[in-house]
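Coordinates in review
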Amino acid sequence: MNRKLNMKNSNWALFALVFVAVFATGCHKRVASTPPPPPAPAPAPATPTVTLNASPADITQGSSTTLNWTSTNADRLMVTPDLGSVSPNGSRQVDPNGSTTYTITAIGTGGRAEASARVTVNVPPPAAAAEDLNQMFQEAVKDAYFDYDKSDIRPGDRESLRKNAVFLNAHNGIRFTIEGHCDERGSEEYNLGLGDRRANAAKQYMVSMGIGEDRIQTTSYGKERPFCSEHNEACWQQNRRAHFVMNR
């Protein structure tokens, strides 16, 4: 009798354990798995860049100039007028008959870019007109003078150089030389160096006034070509100068 009762109790205990296990399993919620993040978008294609310049940008009719260009992120480049397709980086000599604006177009996956360079072509005047122009040059373009052993532009001479620039900007076909001169004191070698510094100081001031650097040459005569030959301060002051000469 007791044995039957014990077996019956054991069956009920086993049934209870199974019921609890099933109930506990049913109470747990399933956690949904997190989807993987979407792939990062592909980077946008780089935008092309391009530069173009002409050297020199101011020429006389019949002369040549060189176009130089660089580019990035471009598959095709074209230069107009006349040149057509070109390499991504390069240069080309051109000899336009008249003033011309050259344009380069760079095209790539990321778009397009443009750059331009202007070449000014100056027509030489007839011989008679050139003589008249030289006379005008001599009347309008004045020298700059310097203090003893100095090569900086004095405040009073800046106005003279500014007036020179007004005339030269109005006659942009003129090319000219700035001569550096000194008084008789000091060695020949020292004065050649001082004259060079004076000529270049005047040149840089003219460039700052808008005169193209390619229009200006410089030279130094030191004390070799004095304007005045007396041996006093009044004469020496006239010899310490940057002298402008029109090129023919």
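Anyway, here's the lowdown on the structure attached to this text. By convention here, each chain's residues receive numbers from 1 onward along its written sequence. Reporting of local features is limited, given that this is a predicted model, to residues whose pLDDT is at least 70; pairs of side-chain atoms are given and counted only at 80 or more, and all residues count toward the totals for whole chains, interfaces and linings. Each side-chain value is worked out from all heavy atoms of the structure, with water and hydrogens disregarded.

**Thoughts on the overall build of the protein**
When helices and strands are tallied, the protein shows 5 helices and 12 strands. Each residue gets one of three labels from its accessible area relative to the maximum for its type: buried under 20%, exposed over 50%, partly exposed in between, using a 1.4 Å probe on protein chains only. Across the 248 residues of the protein, 31% fall into the buried class. Should any heavy atoms of two residues lie within 4.5 Å, those residues are considered in contact. At a minimum sequence separation of 6, the contacts of the protein that also span at least 24 residues come to 64%. Accessible surface, the protein: about 15,600 Å² in total, of which carbon and sulfur atoms supply 55%. A run of H or I in DSSP becomes a helix once it reaches four residues, and a run of E becomes a strand once it reaches two; helices and strands are each numbered from the N terminus. The method behind every accessible area is Shrake-Rupley, applied with a 1.4 Å probe, and residues are considered shielded solely by the protein chains displayed.

**Focus: the nonpolar core**
Soluble globular proteins: nonpolar side chains tend toward being buried together. Nonpolar core, defined: a set of buried Ala, Val, Leu, Ile, Met, Phe, Trp, Tyr and Cys residues in which side-chain atoms within 4.5 Å join the residues together. Ranked by internal contacts, the top residues of the largest apolar core, which has 21 residues, are Phe137, Leu168, Ile174, Phe176, Ile178, Met206 and Phe244. Among the elements that make up this core, the one with the highest residue count is helix H3 (residues 155–170) (4 residues). Once residues within four sequence positions are removed from consideration, Ile178 is found in contact with Ala199, Ala202, Lys203, Met206, Ile216, Gln217, Thr218, Thr219, Ala242, His243 and Phe244. Judged by nonpolar contacts, the second largest core, of 20 residues, contains Ile59, Trp69, Leu77 and Val119.

**Topic: the pairing of strand E4 (residues 76–80)**
Covered by surrounding structure in E4 are Leu77 and Val79 only, the residues Arg76, Met78 and Thr80 on the alternate face being uncovered. Relative to strand E7 (residues 100–108), E4 runs antiparallel, the two being bridged by 5 bridges. Within E7, the position partnered with Arg76 by the bridge is Ile107. Strands qualify as paired when DSSP identifies two bridges or more between them. Looking at chain direction, E4 and strand E5 (residues 84–85) are connected through 2 bridges and run antiparallel. Residue pairing for E5: Met78 is matched across the bridge by Ser85.

**Description of unusual backbone geometry**
Cis geometry marks the peptide bond from Ser55 to Pro56, where omega comes out at 0°. Turning to its location among the elements, Pro56 is positioned in the loop between strand E1 (49–55) and strand E2 (58–60). Of note, the bond from Thr80 into Pro81 is cis; its omega dihedral lies within 30 degrees of zero at -5°. One can find Pro81 in the loop between E4 and E5. Notably, Asp82 is not glycine yet its phi reads approximately 80°, a positive angle.

**Some points on the environment of Thr65**
Take Thr65: it is sitting in strand E3 (residues 65–72). Considering only alpha carbons, one finds Thr65 and Gln93, 28 residues apart in sequence, at a separation of 5.7 Å. If we ignore the near neighbours within four places in the chain, the residues touching Thr65 are Ala54, Ser55, Pro56, Ile59, Arg92, Gln93, Val94 and Val119. Two N or O atoms count as a polar contact when they lie within 3.5 Å, although within protein this holds only if one can serve as hydrogen donor and the other as acceptor, and sequence-adjacent residues are included solely when both atoms are side-chain atoms. Here Ser55 takes part through its backbone oxygen, which lies 3.2 Å from a polar atom of the side chain of Thr65.

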